[in-house]
Amino acid sequence: MRFDVYTPLLVSLLLPLVSPAVGRRVAPALAARVLTSAAALTAAATTWSLILLTTALVGDAPPLVREAHEDGRRLADPVPEVIGVAACLTLAVVVWRVQRAVRAERRTRRALRRLCAGHPQDTELVVAASETPQAFAIPGRPGRILVTSSMLSALAPAERRVLLAHERAHLAHRHGRLVTAAALAAAANPLLGPVRSAVSFLVERWADEQAATAVGDRVTTARALARAALSARPGCALNFTDRAVTRRIAALQTAPPPSLWPAAAAVLALGALAALFAADATGDLVGLLFNALT
């Protein structure tokens, strides 16, 4: 318990350090999936560790535990009281941050869906009259692509096909779920903020590669991305442009990165390690309580 319960925190420090290298060297589809999975496991493990540290305060509170036997034998404190109190306060902050992130996500989804209101259910492409060049993939049933008229007018016909293929890739591979999962993990554990940023970048790279495959031309895809970036303003996480657009254009000018399964497995193992140590710490705490009451 004394060591295991803190291991998820160590993993929270290591995962952001390795995520940039994974994002550069591993195929975007694989990298996005493993980083999101590892972040979710690590966030869950650190949250559970906070719960365990808070629960450990029970060793100092109830007479049932402190006077478990008539001979006065008492339960050894698994953690210092000050750490238990700090964990309790941190856990309250985590709950607040996650609730705020969930509310923000719901507001964004509702706002985007309102823009598509009034169109037939089988309409995939919704064109909004606007002078602001933007494009969004809106997850849902059905998923939709919202593009402004200004964005369409800024692109040549071949580049429009790239844009639509890019947004369709977001919908087909449910990138919204990956981005949301990474955002919630970072809300629960702020140390995972760099991983959330990496996942947001990787789903855009993933959609770029899918678009390049769909149109059969990496040069046209890079040109469409550059033209859209010059025209558009920053929007939501699933839009056609982002702050790392120059890195995406450079990536399209080279061969697609390989699927390095050993590197991906190592990252996923980090998240699994955090979960395993949190489970082991749970067993230690349960054992201490059981021994005191028998």
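Residues numbered from 1 in each chain as written. Predicted model: local features only at pLDDT ≥ 70, side-chain atom pairs only at ≥ 80, totals over all residues. Heavy atoms only, no water.

## Observations concerning the packing of helix α6 (residues 157-172) against helix α9 (residues 218-231)
Note the following rule: Between the N-to-C directions of two axes lies an angle of 0 to 180 degrees, each axis being a line fitted to C-alpha atoms and, for a helix, fitted only over the stretch in contact. A run of H or I in DSSP counts as a helix once it spans at least four residues, and a run of E counts as a strand once it spans at least two, with each numbered from the N terminus. By definition in this entry, angles of less than 35 degrees are roughly parallel, angles greater than 145 are roughly antiparallel, angles of 65 to 115 are roughly perpendicular, and the rest are oblique. We call two residues in contact when some of their heavy atoms are within 4.5 Å. Gly counts as polar in this scheme, as do all residues outside two lists: the nonpolar Ala, Val, Leu, Ile, Met, Phe, Trp, Tyr, Cys and Pro, and the charged Asp, Glu, Lys and Arg.
One way to put it is that α6 packs onto α9 with a least axis distance of 9 Å and a crossing angle of 85 degrees. Considered as vectors, α6 and α9 are oriented roughly perpendicular to each other. Contact residues: Ala 158, Glu 159 and Val 162 in α6; Thr 220, Thr 221, Arg 223, Ala 224 and Arg 227 in α9. Counted by class, the contact of α6 with α9 contains 3 nonpolar, 2 polar and 3 charged residues.

## Structural notes on the pattern of salt bridges
Counted only if it meets this: Think of a salt bridge as a Lys or Arg side-chain nitrogen and an Asp or Glu carboxyl oxygen that are within 4 Å of each other. Exposure categories follow from relative accessible area, calculated using a 1.4 Å probe and restricted to protein chains: below 20% of the type maximum is buried, above 50% is exposed, and the middle band is partly exposed.
Using the criterion set out here, one finds 8 salt bridges in the structure. Among the ionic pairs, Arg 109 bridges to Glu 105, the shortest N-O distance being 2.8 Å. Here Glu 105 and Arg 109 lie together in helix α4 (residues 81-115), a separation of 4 residues that amounts to about one turn. Looking at Arg 109, the relative accessible area reads 19%, which means it is buried. Taking the relative accessible area as the measure of exposure, Glu 105 reaches 26% and is therefore partly exposed. Arg 205 is the partner of Glu 209 in a salt bridge, and the nearest nitrogen-oxygen pair spans 3.0 Å. Remark: Arg 205 and Glu 209 occur in helix α8 (residues 193-215); sequence separation between them is 4 residues, near one turn of the helix. Assessed through its relative accessible area of 10%, Glu 209 is described here as buried.

## Looking at the packing of aromatic side chains
What counts, and what does not: When the centres of two rings from Phe, Tyr and Trp lie within 6.5 Å, Trp using its six-membered ring, the rings pair. Their planes under 30 degrees apart give stacked, over 60 give edge-to-face, and anything left gives tilted. We call a charge positioned above a ring when the Lys NZ or Arg CZ atom is no farther than 6 Å from the ring centre and deviates by at most 35 degrees from the ring normal.
Evaluated as defined, the whole model comprises 0 aromatic pairs. Lying over the aromatic face of Phe 201, Arg 247 brings its terminal NZ or CZ to 4.0 Å of the ring centre.

By themselves, these figures tell us nothing about what the structure is for.
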